[in-house]
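The lines below spell out each chain.
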Amino acid sequence: ASAARPSPRSLAAQPHPADEITNRKNIGTSVTSDSAFDSSGILIGAGATVPSVTNGGTITATAFGEAANARGIYDLSNTLLLITNTGTIRAATVPTDDDLTDSVTPVATGVAAAIDVSASSNAVTLNQSPDVAFGDDDGIDNDGAARPAVAILGDVLFGSGSDVFNMSAGIM
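Sequence order as written defines the numbering, with residues in each chain counted from 1. Two thresholds apply to this predicted model, a pLDDT of at least 70 for residue-level local features and 80 or more for giving and counting side-chain atom pairs, whereas whole-chain, interface and lining totals are computed over all residues. Side-chain measures were taken over the full set of non-hydrogen atoms in the model, leaving aside hydrogen atoms and water.

S.K.: So, the sheet that holds strand E8 (residues 88-94): which residues are in play, and what are the values?
M.R.: Pairing between the strands of a sheet is mediated by backbone hydrogen bonds and can be parallel or antiparallel. Here the rule is simple: two strands pair whenever DSSP picks up at least two bridges between them. Working definition: helices are DSSP H or I runs of at least four residues, strands are E runs of at least two. Numbering for both runs from the N terminus. As summarised here, the arrangement of the four strands in space is E2-E5-E8-E11, forming an open sheet in which the pairing is parallel. A strand with exactly one partner marks an edge of an open sheet, and here the two such strands are strand E2 (26-32) and strand E11 (151-153). For this sheet, the mean angle separating the axes of adjacent strands, direction not counted, is 10°. As paired strands, strand E5 (residues 58-64) and E8 are joined by seven bridges and run parallel to one another. Within the sheet, the bridge partner assigned to phenylalanine 64 lies in E8 and is valine 94. Where helices are involved, their axes are fitted lines through C-alpha atoms of the stretch in contact, as for all axes, and angles between N-to-C directions lie from 0 to 180°.

What follows is the structure in structure tokens.
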């Protein structure tokens, strides 16, 4: 007997009981397509209630193909109000050539948004601040050398609300 494959919906980032998403390690997705398919690191779908996303690790979305889209954090719920980043959020589109015998250079036309809250009418606050040591039971920060640089790499697409971007560390 073969095991049932999980549906794409069950593979999406799931909020914990406080209705927020926290990433401390790595979330990564990729798609390869000549059509307009999406690669989303964290997709908050319509009907979800997730007011906060906190990233202290790495969120990466990569789209290989000419029309494919990549989004690190993609909110379709209109409930996301706060994004806090002390890690790396990255989105990239990479054009691929399906005919190596021609002289046409492929061009990526898809979206490469590290953060896309363009569907939101709420005031979204994006805070990018210095990395904070993570203390566990012994109080020692054992993963300090392995944590990513503080960065947002890709576009940031805000919606129609009175959005705020506070950047006190890292690059964009």
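Resuming the write-up.
S.K.: Give a description of the nonpolar core that names residues and reports values.
M.R.: By nonpolar core is meant a set of buried Ala, Val, Leu, Ile, Met, Phe, Trp, Tyr and Cys residues that side-chain atoms within 4.5 Å join together. Only protein chains enter the accessibility calculation, which uses a 1.4 Å probe; a residue whose area is less than 20% of its type maximum is buried, one above 50% is exposed, and one in between is partly exposed. Ile44, Val53, Ile73, Leu80, Ile83 and Ile115 are the most contacted members of the largest nonpolar core, which totals 17 residues. Counting residues per element, the ones that place at least two in this core are strand E3 (38-44) and strand E9 (112-116). Contact between two residues is taken to exist if any of their heavy atoms lie within 4.5 Å; hydrogens are not considered. Dropping the residues within four chain positions of it, valine 53 is found in contact with Ile21, Ile42, Ile44, Ile73, Leu80, Leu82, Ile83 and Thr84. Ranked by size, the runner-up nonpolar core spans six residues in total, among them Ala61, Ala63, Ala68 and Ala70.

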